[in-house]
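# Architecture and fold: a report
As a plain string of letters, each chain reads:
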Amino acid sequence: MSRPGAAISTDSLRQRAKEVRREIIKMLTEAGSGHTGGSLSAADLVTALFFYKMRHRPEDPDWRERDRFILSKGHAAPLLYAVLALSGYFDKDVLKTLRRIDSPLQGHPSSKTLKGVEISTGSLGQGLSIANGIALGLRMSGTGQRVYCLLGDGELQEGQVWEAAMTAAHYGIDNLCAIVDNNGLQIDGFCCDVMKIEPITEKWKAFGWHVIDIDGHDMDQIVSALDEAEGIKGKPSMIVARTVKGKGVSFFEGKAEYHGVAPSKEEREKALKELE
Amino acid sequence: MGDTRQKTEAGNREPGGRQAVATRDAYGAALFELGKRREDVVVLDADLSGSTKTAKFAKAFPGRFFNMGISEQDMIGTAGGLSLAGKVPFASTFAIFETGRAWEQIRQTVCYSGLNVKLVATHGGITVGEDGASHQSIVDVALMRALPGMTVIVPADGMETEQVIIAIVDYNGPVYVRLGRMKAPAVMPDDYKFDMGKAYLFHLGKDANIIACGIMVSSALEARKMLASEGLDVGVINMPTVKPLDAEAVLKAARSSRLVVTAEEHSIIGGLGSAVCELLSEEHPVKVKRVGVKDKFGKSGKPGELLEAYGLTAKGIVDTIKTSL
Ligand SMILES: Cc1ncc(C[n+]2csc(CCOP(=O)(O)OP(=O)(O)O)c2C)c(N)n1
Ligand SMILES: [Mg+2]
């Protein structure tokens, strides 16, 4: 399948997202460490990319005509691994090896150990520049592929993000769609307390981007934003997705403490119940 | 700065009663004490204050703490500015981001102008563990050591860390201190006093001498014991100040045995091992073997498993010595 989601309903996407969240919880508990909050907050967005929007072939990960996904907020590795496994890139059983020594599923995504990971990430702020480069290259000699890049809102504090923001607008990189997982939290607390980044939408507009503001957990809004972005010519698109960190598990929601803490076995059971 | 101090065999090698603490925890405690005594001490962090342990200072002295968000380059530049305004800034984040992301700011702004900025980074080395290569800093000592005017310190345990933090406040100039995430066994004797630029000699060996820093000091002491039971006399030197190197201590080790082994939780390129080789190849060529990460990236795993996998253990040192003698 080239575009797996060409005909998928938003209801099925919602089911998929639930499945993705369940896998995230299971693999994190098994690993005993890892990033829970930021994996859950972007689950709907990345599910829509892999099961609806992107053209890709799990059975042929290096397929030249594939769209590309760059996980700039690399700590959400469990989310990427879940969608890759559920898409069929590798066996679901491998998810159990997350963060173990010599596992292909490194704590932060490694393109050297796992097919489907376009580039190793984990040091924040670098992904958008890479996405720009890929998009420029594909524009020169590609077949109409598009590039997607997911950033954290805290990540926007890195200066390199804004250098890349200028590059994308300057070169009119319209085969690029970036997404901010705007969950309002980073490690040390609320972004607005640590280092204010609002107004996010206005900033990207001022940098020359086409900006779409959505509820990042509303599948209909996600799907139509992704479609809208594809139609925009002459400038890059940014989807600012309002999300809740830890979304889907009531006791993780909106809590900075669960940024980098894995669910205990007890929490896993409760969480999986909520995600039935 | 006194002479290289010497301790006899029975000495205080296993300091009684002191518990293993992570050097980052010792940093948090020392910084808090410093805050009480010194009004001019200010602290900066880049969204990792819980992990670097600067949070304790932040809570006690909110007016002197600046969370810069996830912007390490900005943090270093701001620290430079604060030092120009007469403050003594301590800037902290993970070693990989402090020395890697902000290297050029450290070079141009801090070192070239000789600013009084204290760079105290945590999560050095591979014992960062499960986060993997993206977060494991194994070339930070090399990056900092190459900068003119930079002092580089890698403490071995909690007590030494506290002393280092107190000592560098009274030194005017850029300093890089590399700390760890995991608990480090207490190795320094109870009466130990850190002296910037000075090594600490546990024992001078006749067969081989190990020069170590950081958590590898503990492994070196263990290796010494293992080899003693096989009749080999192996010395151990703790070299907390990797730059400027205590040349006298290194030369002493080289003159007393035909093999010098360096041990560090760092790449064998550019760190303590390189510093020792640079000195000895010019001043007193003897065989030097470097125990460290052999020009590889780190990976995910439990800290202990990784130390095993990369040969950063007492056994790794023992094997190196046995095959080299
Ligand atoms: C350059 C860099 N600095 C610091 C970190 C440590 N770190 C990992 S995640 C994180 C917070 C990220 O916040 P945000 O981008 O909002 O992510 P999310 O809330 O989606 O998890 C930080 C500071 C890092 N990975 N990279
Ligand atoms: Mg966030």
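This structure is a prediction, so every number in the text was calculated from the model and none was measured.

### Things to note about a positive patch on the surface
All names here are of chain B. There is a patch of like positive charges on the surface, built from Arg 258, Lys 287, Lys 289, Arg 290, Lys 294 and Lys 296. Relative to the elements of secondary structure, Lys 296 occurs in the loop between β15 (287-293) and α12 (303-309). According to the relative accessible area criterion, Lys 296 is exposed, its value standing at 54%.

### Thoughts on unusual backbone geometry
Among all residues except glycine, the phi angle is most often negative; among peptide bonds, the trans geometry is most common. Omega for the bond connecting Glu 198 of chain A with Pro 199 of chain A falls within 30 degrees of zero, at 0 degrees, which places this linkage in the cis form. Within the fold, Pro 199 of chain A resides in the loop between α7 (191-194) and α8 (200-206). In this model, Lys 243 of chain B is joined to Pro 244 of chain B through a cis peptide bond whose omega is -5 degrees. Structurally, Pro 244 of chain B is set in the loop between β13 (241-243) and α10 (247-256).

### Observations concerning the nonpolar core
Most often, soluble globular proteins have nonpolar side chains that are buried together. With 59 residues, the main nonpolar core has Phe 50, Phe 69, Leu 79, Tyr 81, Phe 90 and Leu 226 of chain A as its most contacted residues. Excluding its chain neighbours within four sequence positions, the residues that come into contact with Leu 79 of chain A are Val 20, Ile 24, Ser 39, Ala 42, Ala 43 and Val 46 of chain A. With 56 residues, the next largest nonpolar core counts Phe 61, Val 187, Ala 263 and Val 293 of chain B among its residues.

### Comments concerning the sheet that holds strand β3 (residues 41-45) of chain B
Sheets are built from strands that pair by backbone hydrogen bonding, the pairs being arranged parallel or antiparallel. Residue and element names in this part refer to chain B. Strand order across the open sheet formed by 7 strands is β4-β3-β5-β6-β8-β7-β13, with mixed pairing between neighbours. Each having just a single partner strand, β4 (65-67) and β13 make up the two edges of the open sheet. Here the strands of the sheet are splayed against their neighbours by 20 degrees on average, with no regard to which way each runs. Judged from the 3 bridges that link them, β3 and β4 form a sheet pairing that is parallel. The partner of Leu 44 across the bridge, within β4, is Phe 66. With respect to the sheet, helix α1 (residues 23-37) is in contact with β3, β5 (88-92) and β6 (118-121), its orientation differing from that of β5 by roughly 160 degrees.

### So, the site of ligand 1
Around ligand 1 sit 24 residues, and of these Lys 73, His 75, Asp 153 and Lys 245 of chain A together with Glu 72 of chain B come closest. The local environment of ligand 1 is shared, drawing residues from chains A and B. Interatomic distance of 2.6 Å between a side-chain N/O atom of Glu 72 of chain B and a nitrogen atom of ligand 1. The protein chains hide 99% of the 600 Å² of surface that ligand 1 would expose on its own.

### A closer look at the interface of chain A and chain B
Opposite the 25 residues of chain A that make contact, chain B presents 22 residues. A per-residue breakdown of the area chain A buries against chain B is headed by Ile 101, Glu 158 and Asp 188 of chain A, which together make up 30% of the total. Our count for the chain A to chain B interface comes out at 3 salt bridges. The residue Asp 102 of chain A makes a salt bridge to Lys 299 of chain B at a minimum N-O spacing of 2.7 Å. Along the contact surface separating chain A from chain B lie 16 residue pairs in polar contact (both at pLDDT 80 or more). Across the side of chain A that touches chain B, the residue classes break down as 5 nonpolar, 14 polar and 6 charged.

Basis of the calculations
- Residues numbered from 1 in each chain as written.
- Chains lettered and ligands numbered in written order.
- Predicted model: local features only at pLDDT ≥ 70, side-chain atom pairs only at ≥ 80, totals over all residues.
- Heavy atoms only, no water.
- Patch = residues over 30% accessible without salt bridge, like charges linked within 9 Å, V, L, I, M, F, W, Y side chains within 5 Å.
- Areas by Shrake-Rupley, 256 points an atom, 1.4 Å probe, with all protein chains shown as cover.
- Salt bridge = Lys/Arg side-chain N within 4 Å of Asp/Glu carboxyl O.
- Lys, Arg positive; Asp, Glu negative; His and termini not counted.
- Charge placed at Lys NZ, Arg CZ, Asp CG, Glu CD.
- Helix = DSSP H or I, 4+ residues; strand = E, 2+ residues; numbered from the N terminus.
- Buried < 20%, exposed > 50% of the residue type's maximum accessible area, 1.4 Å probe, protein only.
- Core = buried A, V, L, I, M, F, W, Y, C linked by side-chain atoms within 4.5 Å.
- Contact = heavy atoms within 4.5 Å.
- Pairing = 2+ DSSP bridges.
- Axes fitted to C-alpha atoms, helices over the stretch in contact; angles between N-to-C directions.
- Near = heavy atom within 4 Å.
- Polar contact = N/O pair within 3.5 Å; in protein donor to acceptor, adjacent residues only side chain to side chain.
- Buried area = accessible area lost by both parts, 1.4 Å probe.
- Nonpolar A, V, L, I, M, F, W, Y, C, P; charged D, E, K, R; others polar.

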